[in-house]
Structure formats: C-alpha cells, structure tokens
Amino acid sequence: MEFVTDGKLYLKNDAIYVIYEESEISGFKGCKTTLKIKDDSVKMRRMAADSFGTELYFEEGQRFQSHYNTPYGIFGVEILTDRLDNAMDKETLEGTVDISYKVSLEGMSEGKNTLRIDVK
C-alpha cells in the first residue's frame, strides 16, 4: 500500500519530526501520526480524537512491547525490528527511512512488514 500526504516537518533536539493526518486509505482516518526519526531509531505515535491510539518504537535488533488501543478494545503488540536504514538529511529534511520488522498482536496475529518513509 502506498500513502501520500502533506504534513509538518521540523528538526528539534537532533531528531526529525514528521506529523500528518491519516486518511481512510490507511485505515486510521481521524488519527494524527507523529514520527520522531533519530539516527538509529523511529518512534511512531498515532492518536485519535476519541483517545484511542498507540505508540510503536523501531530500533534495529530491539524488541518493543506496547498496547494498541482501538475502538474495539486494547491489544498487546510486540515489535521486533530486523533492519532500520535511516538516510534522512538533517540539513535539507529530505530522505528515506526503511524499516523491516516483525509484529505480533497478543500472539493472535503475526506478520513480517516493511515500512518505507519518503520525505520530500
């Protein structure tokens, strides 16, 4: 799936922040997503007006556990990041981040995903 949108972009405390509104295409319409991109990690925070949301953390070789709050209930989520390639330029605030990770929702659903973030 490819999702293209406008958003806000800025550098603060040596991290690049990308903030955008989700759409119906992503399945998270009404949510605001914030990406905090550092040299070796990405934190994704997705929040909705009705207070459901989640925070995910990606760092190569690291396992992260969190809760995924949805309108249908709260699920435990676990992320294991296999690869994180950060090619963002802090001067131009352009570039790409590639993430390969495994995700598990309370052991009910497991999958391997890739996420590519292109910022222009």
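As a reminder, the structure under discussion sits directly above these lines.
Residues numbered from 1 in each chain as written. Predicted model: local features only at pLDDT ≥ 70, side-chain atom pairs only at ≥ 80, totals over all residues. Heavy atoms only, no water.

### Quick notes on the overall build of the protein chain
- A count of helices and strands for the protein chain gives zero helices and nine strands.
- The helix and strand sequence of the protein chain, counted from the amino end, reads β-β-β-β-β-β-β-β-β.
- Relative to the compact-globule value of 14 Å for 120 residues, the protein chain shows a C-alpha radius of gyration of 14 Å, a close match.
- In terms of overall dimensions, the protein chain has a C-alpha envelope of 40 × 30 × 30 Å along the principal axes.
- Here the analysis covers contacts within the protein chain between residues at least 6 apart in sequence; of these, 23% occur between residues at least 24 apart.
- Looking at the protein chain as shown, the accessible area adds up to about 7,700 Å², and 47% of this sits on carbon and sulfur atoms.
- One finds the centroid of the 16 positive side-chain charges in the protein chain at a distance of 3 Å from the centroid of its 22 negative side-chain charges. (Helix = DSSP H or I, 4+ residues; strand = E, 2+ residues; numbered from the N terminus. Rg over C-alpha atoms; globule rule 2.2 N^0.38 Å. Contact = heavy atoms within 4.5 Å. Areas by Shrake-Rupley, 256 points an atom, 1.4 Å probe, with all protein chains shown as cover. Lys, Arg positive; Asp, Glu negative; His and termini not counted. Charge placed at Lys NZ, Arg CZ, Asp CG, Glu CD.)

### A short note on the packing of aromatic side chains
- Going through the model one piece at a time under the given rule, you end up with three aromatic pairs.
- Relative to Tyr17, the ring of Tyr10 has its centre 5.1 Å away and its plane inclined at 10 degrees; by these criteria the two rings are stacked.
- With a centroid separation of 6.0 Å and 50 degrees between ring planes, the pair formed by Tyr57 and Phe64 is classed as tilted. (Phe/Tyr/Trp six-rings, centres within 6.5 Å; stacked < 30°, edge-to-face > 60°.)

### As for the nonpolar core
- Of all hydrophobic cores here, the largest spans 21 residues; its most connected members are Leu35, Ile37, Val42 and Phe58.
- For this core, the elements supplying multiple residues, two or more each, are strand 2 (15-21), strand 3 (31-37), strand 4 (41-48), strand 5 (53-59), strand 7 (73-86), strand 8 (95-105) and strand 9 (109-119).
- In terms of residue count, strand 8 provides more of this core than any other element does, four residues in total.
- Not counting residues within four places of it along the chain, the set of residues in contact with Val42 comprises Leu35, Lys36, Ile37, Leu56, Tyr57, Phe58, Leu84, Val97 and Ile99. (Core = buried A, V, L, I, M, F, W, Y, C linked by side-chain atoms within 4.5 Å. Buried < 20%, exposed > 50% of the residue type's maximum accessible area, 1.4 Å probe, protein only.)

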